[in-house]
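Notes for the structure review
For reference, the chains in residue letters:
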Amino acid sequence: TPIKSSAASDVYKRQGFNFGRELFLDKNMRQAIAYAIPKDYIYESIYLQYAQMTNTPVSPQFWLYEENVVSYSYDPQMTETLLKNAGWADTNQDGVLERTQEDGSTQELRISILVNQENTARKQIAATMKEELETVGFAVTIDEQTYEVYSEKLQSGDFDLVVGGWRMSEVLDLTPFFATGGAYNYIGYTNEEIDQLLTAAQQAIQEGEMLLAYSNLQKRLSEELPYISIAYRQDVLMV
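Overview of the structure.

What counts, and at which threshold
Position numbers for residues count from 1 along each chain, tracking the sequence in the order it is written. With the structure being a predicted model, the display of local features is reserved for residues of pLDDT at least 70 and the display and counting of side-chain atom pairs for 80 or more, all residues being used for whole-chain, interface and lining totals. In computing side-chain values, all of the structure's heavy atoms are included and hydrogens and water are not. Working definition: helices are DSSP H or I runs of at least four residues, strands are E runs of at least two. Numbering for both runs from the N terminus. Accessibility here uses a 1.4 Å probe with only protein chains present; expressed as a share of the type maximum, an area under 20% marks a residue as buried, one over 50% as exposed, and anything in between as partly exposed. A contact between two residues is defined here by any heavy atoms of the two lying within 4.5 Å. Two strands make a pair as long as DSSP finds a minimum of two bridges between them. The distinction between a cavity and a pocket rests on a 1 Å grid over the protein atoms alone: a 1.4 Å probe fits inside a cavity but cannot get out, while a pocket stays open yet meets protein on both sides within 12 Å along at least five of seven lines, and a residue with an atom within 4 Å of a point counts as lining. Grid points are joined across faces, edges and corners, and a volume is the space filled by probe spheres set on the points.

**Let's talk about the environment of Val136**
Residue position: Val136 is located in the loop between helix 4 (120-135) and strand 6 (139-145). Here Val136 falls in the buried class, since its relative accessible area comes to 9%. For the pair Val136 and Thr79, spaced 57 residues apart in sequence, the C-alpha separation works out to 7.5 Å. Other than its neighbours up to four places away in sequence, Val136 contacts Pro76, Thr79, Glu80, Leu83 and Leu97.

Structure follows, in structure tokens:
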């Protein structure tokens with residue numbers, strides 16, 4: 001008789017924005033995209049329930065996890081409202097939203113999603129995002145690359161959105177990923193308040209201090225939305 005067991009892993013899955021693109025400096029645009037991601041579908045149909053969905057970069061099984069943060073449940077109507085409020089409209093009826101720039105030119109809402117071709121789940125997430133975003137007026141292309149090229153494009157900032165993951169250390173330290181100039185801050189995110197919260201979290205020693213510091217950090221990261229947190233994958237063993 002087959003025996004199947006699963007356990008939470010330290011692999012964090014997320015979708016990141018390139019802050020070198022002016023489009024994503026607007027938090028309303030980041031929120032609009034977050035509301036278009038069907039996390040329940042990803043959990044059921046892509047991860048086949050072998051994942052723990054999360055709204056922060058911290059694992060839900062970790063003692064420093066903060067569950068009371070801003071979450072972005074699947075809500076295409078909210079996406080459409082945020083885009084409309086930001087001046088995006090399909091004025092020429094071609095299915096793609098556009099808006100008029102200050103210089104009078106027209107900007108179409110076109111983006112690409114970078115993903116590595118060796119990872120089936122990431123490709124499925126990218127395809128799902130493409131389908132959902134195109135429904136609300138984005139024009140989306142998927143930039144599917146080998147892992148080598150994917151890494152090169154990520155590090156050089158040659159992407160709009162990126163689907164990826166981190167293998168988190170047992171000693172929690174988010175500084176390399178979110179701090180200004182952090183070693184793995186490939187999205188180019190800069191926020192002075194987040195830098196201060198990261199420092200406070202790293203300097204906290206007592207348990208209560210750590211809980212408060214990481215709670216404040218996770219709440220602010222969820223509000224700022226440099227990444228859309230998706231899940232911590234579960235490893236499955238079949239015998």
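**Description of the pairing of strand 7 (residues 161-167)**
Buried residues dominate strand 7, accounting for 5 of its 7 residues. Bridge count between strand 5 (residues 110-116) and strand 7: 2 bridges; the pairing is parallel. Paired with Ile113 across the strands is Leu161, a residue of strand 7.

**Brief notes about empty space enclosed by the protein**
With the rule as written, the count across this model stands at 1 cavity of 30 Å³ or more. Space inside the largest cavity adds up to approximately 110 Å³. Together, 15 residues line the largest cavity, and Asn55, Leu225, Tyr227, Ile228 and Ser229 are the ones closest to its centre. Looking at the lining of the largest cavity, the elements with two or more residues in it are helix 8 (207-224) and strand 8 (227-238). Here the lining of the largest cavity takes 3 residues from strand 8, the largest share from any one element.

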